[in-house]
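Close look at the chain arrangement
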Amino acid sequence: MDASILSIDGLSLEFPIYQGAVRALNGVSLRVGPKEMVGVVGESGSGKSVTAMLAMRLLVADSYRVTAGSLTMLGQDILQASERTMLGLRGSQVAMIFQEPMTALNPTRRIGDLMLEVIRLHRHSGRDEARAEALSLLRGMHVADPEHVLRTYPFELSGGMRQRVLLAMAFSCKPRLLIADEPTTALDVTVQRQVLLLMREKARAMNTAVLFITHDMAVVSQFCQRVYVMYAGSVVEDGPTAEVMAAPRHPYTRGLLHALPDRVGSRVPLEAIRGTVPDLTQLPRGCAFAPRCPLAREACRERPPSLPVGHAGWHRAACWAVQEEDGQP
Amino acid sequence: MNAPLLTLQDVHVRFPIGMDWLGRSTEWVHALNGVDLDILPGETLGVVGESGCGKTTLAQVVIGLVKPTAGALRGRPDSATARMQIVFQDPQSSLDPRLPVWRIISEPLHVERRGKLSRAALRQAAMAVAAQVEIPPDYLDRYPHEFSGGQRQRIAIARALVTEPDLILLDEPTSALDISVQAQILNLLNDLQRRLGLTYLLISHNVAVVRHMSDRVAVMYLGQIVELGRTEEVLRAPLHPYTRLLLESVPRLGEPVDEDALSATTELPGNRRLPGGCFFRDRCPLAQAGCERPQALAGQARLRVRCHVQAQEVPC
Amino acid sequence: MASALAHSLGFLWYRIRNSPLTLIGLAIMVAVLLVMALAPELAPRDPNLVDLGERLLPPSHAHWFGTDEVGRDLFSRILFGSRQSVAVALFVVPVSGTLGSFTGCLSGAVGGRTDALIMRCTDIVLSVPSLVLTMALAAALGPSLFNAMLAITVVRIPCYMRLARGQALVIREMNYTKAARTFGGSHWHIVRWHVFRNALAPIIVQGTLDVGGTILMAAALGFIGLGAQQPTAEWGAMVATGRNFILDQWWYSAFPGFAILVTATGCNLFGDGLRDVLDPRQKGR
C-alpha cells in the first residue's frame, strides 16, 4: 500500500537527562515518496536534525528513548532494526550529508582514498573500477580536474568543493534516499546555489528521493515540492511548498515568513514573534506555540493540536484556531 | 558634512604563513589589498562579501586587533580616537562561560577605569545597560549557558554599550541566530541606534540583513571594495559584475533558480597569489581589453565602482 | 550561589554514578582516606611494637597479614603506612599543581620570547627520566620524607606548566578573550579573568591522576631508602625489605605491594572518570 521511502508516524522521542528529559520529538509524522524532494524547515530546537539522525540510527544508543510512534524506511522498521541491517542500509540505500563539510572528511587521508573506500565497501568493486567510478562521479559534479582532486587532502579544498565531494560520495551507490541536513548553511551564497543545483540534478538522474533539512525558507521554496514546518518537536504545518509559502496557515509559519528582513523596507521594524522557543524539558500541556501565539485561545492551552487527517498533498496546519475556521471536527 | 568618525586610507594587510628554515615567511595571505573607507557619524555602513573577501580582517583592523601592513587608519580630525566596541558573531564563544553575566557586561568598564570602580558600581552599570537590551536585572547573576542564543547576543550587545562608545562593530551579529530571534535583535539594534545616536559598521554575508539595516554598503571581493554607495542604489541596481553575481545567487522566496548557474566558475581565486589586473576578471561576463590593468575605485561621491567598464554607468 | 554549587555537585554525582569504574575508584580513594584518618583505631596492634618471638609469621587469625623480621604486625604497619603515602600526595599535587599551572598560564598568555624561554627550561627538566631525576634530587637533599616530597614536587611542576600553557594557548584564541583584548585588557587581566578559570578543569583531572603517580613515586623512593626512614612504616620501604624474604615469606612484599597497587589504581580510575565527566561537550543543565 505504501510505496513511500520514509514514513514517520506519530513519533515521540526524549533524551533523559539530569532531573528530567528533553522532549525532542512530540508526535512527528512525515512522509517522503519516491523521487520527491521534501523540505523540513525549522529553527533550533524544532527537532529536524534529531529526526534525520534517528532515521539513520546515528543517535547514540541508550541516550534516547522512543516513547511513541514508528519510523519505517524502505519497508524496514528502523526503531527495531539491528545494527547489521542498518549497516546494510547506510551508504548504499540511504545516504546522508551534513552541514559542516570541514569536519565530515577525514583530514588525514586523501580524497581518493576516502572515495574509493566508500565505493568498494558497498559495490565490492576492484580498485581500478572504483577509481574510474570516482572520477566519473566527480566529473558529474562539474569538478574541473578530478584527478588532481583525488590526490588532494581535504584541507586543501574549499568548503564548496568538499561538499561536492561529499555529494559525490553520497550518490556513489545510487541511494534511494538522500538526507541532507543543512548542507549549504556553512557555504557562501554563490557556492550554495551551485551545490544545490548539483544535488537536484543528480537526484533527478538517479531517482533518489531527498529529505532536505534547513532553516532557510527561500532555499526550500526554490528546490522542494513539499515542505514540513517544525516547531518544538512537532510538525505544525505541511503541504505543497508554493502554497505554504504564499499563504501560510499556521501562526508560527506566518510569523517566520514575516520576520524575514527582505519583506519590509529599510529600517522598518520587523514583525518579530514575541517570546522565545520553549524549553524542551518543560513543554506546556497544550500547544507548544500557544505562549507566543496571537491567536491563542482556551483550547490551545488544554490539548496539543494535531494535523487533521488527510493525505500528503493537502495543505494542513496543526492549529485549533485554523481548524475551527475550517469547520473541522 | 560631518567629519568621518574613522578613515581607512589604502589599507593593506597580509599575514605570513609558512616559514623557511631561517624563520622568514615564504608565503603571504593577502587579506586586504588597498581599502579606502570613511565611516560617517550616525550611519550604518554595511560591508558585504563572501568568505575570503577580507571583511573579517577589516573588522579586526578597525577594532585594533590587527595592524595594517601598509596604509593608515585615522580617527576624527578634532578630538580623541573614536571609542569602539565589537559584537561578535557567535554568542556562544564570545562570552566567558565561567563568569556571571554582570561581570561579562561590566568588563570593558572595569578595564577602561583600570580597576578603580567598585564591585557595586560595576554591577550598577551592568544593570543599567541590561535594562536597555531587555535582560531582567535578576538574571545578571546567571551564567551564559543558562541563556538562549538570542539572549546571549543581547548580553554581548550590552557589553558593547557599557562604555558608551561612538562606533559599534557588528561582526555577523545575527548569522548564528534563528530567523525569529534575528528579527528581535535587528529591531533592538535599530532602536538603540536611534536612541543613543550610535554609528554601526555592520559586516555580514547576509545580503537581506545588510539591505535592511544599512544606509551605505560596501561590497568586498578579495580584499578590495568593489562597489560603495547608498544601499538602495547598490543593492537594487548593482553595477559591478561581482555585486550582480552575488545578488543573483541569493535565493529569493518563490523564485525559480537559474539552471545556467551550474557550469559557471564559482571558485574564488586564492588570496595567496593575487591575480594581476582586475581580480574578478576570470569570472566576469564583461571582461575585455583594459581589465588586465589594476582597477581603481572610481565614480561619484555617492556611488563608486571598481570597474573601468561600469564606472561609466555611474549616474551623475 | 549556594544553590548553584549544589546543582553542580548534584549534576556531577549524576554523571559519576553512571560509570561503575569511576565509582569503584572513588570508593577506593575514600577508603584510603578513612584508613589514613582512622589508622590508630583500626590497627589491632602498635605498628612499631617489636616482638622477636613472633618473627616472620604467615598470615593468620592473630596477624592478618603476617609479621615482619622483627615481629611487627604487618597489617597495622600497612594501615599506618597509608599516612606516608597520602601525606606525600596531599602535599605534592596541590603545590606542584598550583605553581605549575600559574606559571604555565602566564607563559601561554604572554607568548613570544618569554614563553619560548620558559618552555625550553621545562624541556630540559622533562628530558631527564623523571624517576632518575627525582631520585637524584632526593638523594642530594638527604633521606627524609619531606625531602622526598620536595623532590617529587619539583619534578612534577613542568608537567603542569605544559598542560596549563596548552590550555592558555587555546583560550587565548577564544572569542571572549579576543573581546577582552579589544577593550584594552592587559595580559595580566586576561590571565586573571579568563585563562585561569577556564584552564582549571583539565588541570584538576591531571591532578587526580597524579595522586596515583605520586604514591608510586614515593614508594619508589622508599624502596631505595630515600623517603620515610625506619622505623616509620612506609609501603615502598616495606616492599624493599621484603625482597630479602621473598622466597619463603611471600606476604612481606606482597601485601604492601598490593596496597600500592590498589591505591594507585583507584586514583587512576577516578581521575579517568572525572575527565569524562568534566568533558566540556557535556554542558551542565
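Residues numbered from 1 in each chain as written. Chains lettered and ligands numbered in written order. Predicted model: local features only at pLDDT ≥ 70, side-chain atom pairs only at ≥ 80, totals over all residues. Heavy atoms only, no water.

**Considering a positive patch on the surface**
Worth spelling out the cut-off: Any residue with relative accessible area above 30% and no salt bridge may belong to a patch, with like charges joined within 9 Å and the nonpolar Val, Leu, Ile, Met, Phe, Trp and Tyr side chains within 5 Å. Working definition of accessibility: Shrake-Rupley area with a 1.4 Å probe, residue cover restricted to the visible protein chains. Only one rule defines a salt bridge in this text: a Lys or Arg side-chain nitrogen within 4 Å of an Asp or Glu carboxyl oxygen. Positive charges come from Lys and Arg alone, negative charges from Asp and Glu alone, with His and the N- and C-terminal ends not counted. One atom stands in for each charge, and that atom is NZ of Lys, CZ of Arg, CG of Asp or CD of Glu. Helix numbers and strand numbers start at the N terminus; a helix is a DSSP run of H or I with at least 4 residues, a strand a run of E with at least 2.
Residues Arg-110, Arg-120, Arg-127, Arg-131 and Arg-151 of chain A make up a contiguous surface patch of positive charge. Of note, Arg-127 of chain A is situated in helix α5 (residues 127-140).

**Thoughts on the environment of Cys-291 of chain B**
Residues and elements named next belong to chain B. Threshold: Contacts are assigned to residue pairs with any non-hydrogen atoms lying within 4.5 Å of each other.
Mapped onto the elements, Cys-291 comes out in the loop between α8 (241-249) and β10 (298-299). Through-space distance from the C-alpha of Cys-291 to that of Arg-14 is 24 Å; in sequence the pair is 277 residues apart. Those residues in contact with Cys-291 that lie beyond four places of it in its chain are Gly-277, Cys-278, Arg-281 and His-308.

**Let's talk about the interface of chain A and chain C**
Note the cut-off: Here's the idea: put two parts together, see how much 1.4 Å probe accessible area each one loses, and the total over both is what we call buried area. Throughout this description, a polar contact denotes any pair of N or O atoms lying within 3.5 Å of each other; where both atoms belong to protein, one of them has to be capable of donating a hydrogen while the other can accept it, and for residues adjacent in sequence the pair is counted only when both atoms sit in side chains. Residue type decides the class: Asp, Glu, Lys and Arg count as charged, Ala, Val, Leu, Ile, Met, Phe, Trp, Tyr, Cys and Pro as nonpolar, and the leftover types, Gly among them, as polar.
In this complex, chain A contributes 7 residues to the contact, which on the side of chain C involves 5 residues. Buried area between chain A and chain C, both sides added, is near 480 Å², and the carbon and sulfur share of it is 64%. Between the two partners, chain A and chain C, sit 0 salt bridges. Summed over the shared surface of chain A and chain C, the number is 0 residue pairs in polar contact (both at pLDDT 80 or more). The residue makeup of the side of chain A that touches chain C, split by class, is 4 nonpolar, 2 polar and 1 charged.

**Brief notes about the interface of chain A and chain B**
With 44 residues of chain A at the contact, the number on the chain B side is 43 residues. For the pairing of chain A and chain B, the buried interface totals around 3600 Å² over both sides, and the portion due to carbon and sulfur atoms is 54%. The tally of links from chain A across to chain B stands at 1 salt bridge. Between Asp-215 of chain B and Arg-267 of chain A there is a salt bridge, and its shortest N-O distance comes to 3.0 Å. Joining chain A to chain B, the criterion identifies 16 residue pairs in polar contact (both at pLDDT 80 or more). Every element with two or more residues in the side of chain A that touches chain B is listed here: α8 (189-206), α9 (217-223) and α11 (251-258) of chain A. Of all the elements, α8 of chain A adds the most residues to the side of chain A that touches chain B, at 10 residues. Residues of the side of chain A that touches chain B, tallied by class, amount to 19 nonpolar, 13 polar and 12 charged.

**Here we look at the pairing of strand β10 (residues 234-240) of chain A**
Looking along a regular strand, one sees the side chains alternate between the two faces of the sheet. Residues and elements named next belong to chain A. Defined as follows: Only protein chains enter the calculation, and the probe is 1.4 Å; a residue is then buried if its accessible area is under 20% of its type maximum, exposed if over 50%, and partly exposed in between. Two strands qualify as a pair provided that DSSP identifies no fewer than 2 bridges between them.
β10 sits mainly inside the fold: 6 of its 7 residues count as buried. In the sheet, strand β9 (residues 226-231) pairs with β10 via 6 bridges, with the strands oriented antiparallel. Along β10, the bridge assignment pairs Met-230 with Val-235. Turn length for the β9-β10 hairpin, with the two strands adjacent in sequence and antiparallel, is 2 residues, and the turn residue Ala-232 shows positive phi of about 45°.

**Overview of the confidence of the model for chain B**
The predicted coordinates should not be examined in detail at positions where pLDDT is low. So the rule is basically this: Per-residue confidence from the predictor is given as pLDDT, running between 0 and 100.
Confidence in the prediction of chain B, expressed as mean pLDDT, is 86, and 93% of residues score 70 or more. Across the predicted assembly, pTM comes out at 0.83 and ipTM at 0.83.

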